[in-house]
Amino acid sequence: MVENCKLGVMILGLVTFLSSGPAFAKVDREKLMTEAGVYGTFAVFRVDGAWWKLDKATRDPAAAEVKSLVQKYEDKVITDLYLLRGLSEQADFFVRVHATELLYTQNFLTDFMATTLGKYLTNTETYNGLTKKANYVPGFPDDLKAKLKTPPDPGPKPYAIVIPIRKSADWWLLDQEARTDLMKEHTEPTVAYLKTVKRKLYHSSGLDDFDFLTYFETAKLDDFNNLLIGLQQVEEYRYTEPFGRPLLLGTFRTLEELLNLLVR
């Protein structure tokens, strides 16, 4: 009897330890958003017309199912959602997923598309990339490196833009020093917009049919417009193959906000 009680206490203690351990904790968002070696995936979806014909009593449980799925993967991935509907005729929303292993992202998106809502979605585009340490900034002058540390203005930046970039073969044939000089010239016109346009770069060579994925957040689309025009006026742009399609322009939405739009 005593032995059975001891065994029961041991099992209870083990269950308590496991349920409170790192495997069941939410993934560290700050770490995944700032460290190198993190995979970023942008999955774009169009909602089938049949979804809107379902009654709300059917759509509400489908939304709850998606919420449960996101919670299930909180220890593996972080997700951000963006509404394209109204700004794009090609798709309705996209999901940005970050994870330390691309397998985690694949499992999450596979399960997402197997939900009731997912069965009414068409995955129109998927882009994959990897964050890395800066390749060229270490070779920049100290004054430029100091300017690049300018923090963005506080406050929400509701607009998100994603532009895949492909470089020409001539770019990769340049030596490191030549590319560093060109990227210094590329970086200088961006300094004026560091406060209003936040940027994140993903390396995609070998993971996708592009070399880079550039992600921007801003509350001032006019500044973003001027930034892009400035980047097209430097020598480095000659090594960039024409871009513009595909391009994603959307607005950030919480999970609750996006699901409410889909079930209303």
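This write-up is about the structure you can find in this document.

The rules behind these values
Residues numbered from 1 in each chain as written. Predicted model: local features only at pLDDT ≥ 70, side-chain atom pairs only at ≥ 80, totals over all residues. Heavy atoms only, no water. Helix = DSSP H or I, 4+ residues; strand = E, 2+ residues; numbered from the N terminus. Buried < 20%, exposed > 50% of the residue type's maximum accessible area, 1.4 Å probe, protein only. Contact = heavy atoms within 4.5 Å. Areas by Shrake-Rupley, 256 points an atom, 1.4 Å probe, with all protein chains shown as cover. Polar contact = N/O pair within 3.5 Å; in protein donor to acceptor, adjacent residues only side chain to side chain. Pairing = 2+ DSSP bridges. Core = buried A, V, L, I, M, F, W, Y, C linked by side-chain atoms within 4.5 Å.

On to the overall build of the protein. For the protein, the count of helices and strands is ten helices and eight strands. Out of the 264 residues belonging to the protein, those deemed buried represent 39%. Long-range contacts, defined as pairs at least 24 residues apart, comprise 80% of the intrachain contacts of the protein with a sequence gap of at least 6. Within the structure as shown, the protein displays about 15000 Å² of accessible surface, and the carbon and sulfur contribution to it stands at 56%.

This part is about the side chain of Thr 187. As for its position among the elements, Thr 187 is in helix 8 (residues 176–187). Since its relative accessible area comes to 9%, Thr 187 is described here as buried. A polar contact is formed between the side chain of Thr 187 and the backbone oxygen of Met 183, at a distance of 2.7 Å. The residues contacting Thr 187, other than those within four sequence positions of it, are Phe 140, Leu 144 and Leu 148.

This brings us to the pairing of strand 8 (residues 248–253). Of the pairings in the sheet, the one linking strand 2 (residues 77–83) to strand 8 comprises three bridges and is antiparallel in character. Counterpart to Tyr 82 in the pairing with strand 8 is Phe 252. Relative to strand 8, strand 5 (residues 159–165) runs antiparallel, the two being bridged by four bridges. The residue bridging Ile 161 from the neighbouring strand is Leu 249, located in strand 8.

Inside soluble globular proteins, nonpolar side chains tend to come together where they are buried. In terms of nonpolar packing, the biggest core is built from 27 residues, with Trp 51, Phe 93 and Phe 108 touching the most fellow members. Of all the secondary structure elements, the ones that give two or more residues to this core are strand 1 (39–47), helix 4 (56–72), strand 2, strand 3 (93–99), helix 5 (102–113) and helix 10 (255–263). If one sorts the elements of this core by residue count, helix 4 sits on top with five residues. With sequence-adjacent residues up to four places away left out, Trp 51 is seen in contact with Arg 59, Ala 62, Leu 117, Tyr 120, Leu 262 and Val 263. Among the nonpolar cores identified, the runner-up in size contains 14 residues, and Phe 42, Phe 94, Tyr 127 and Phe 210 belong to it.

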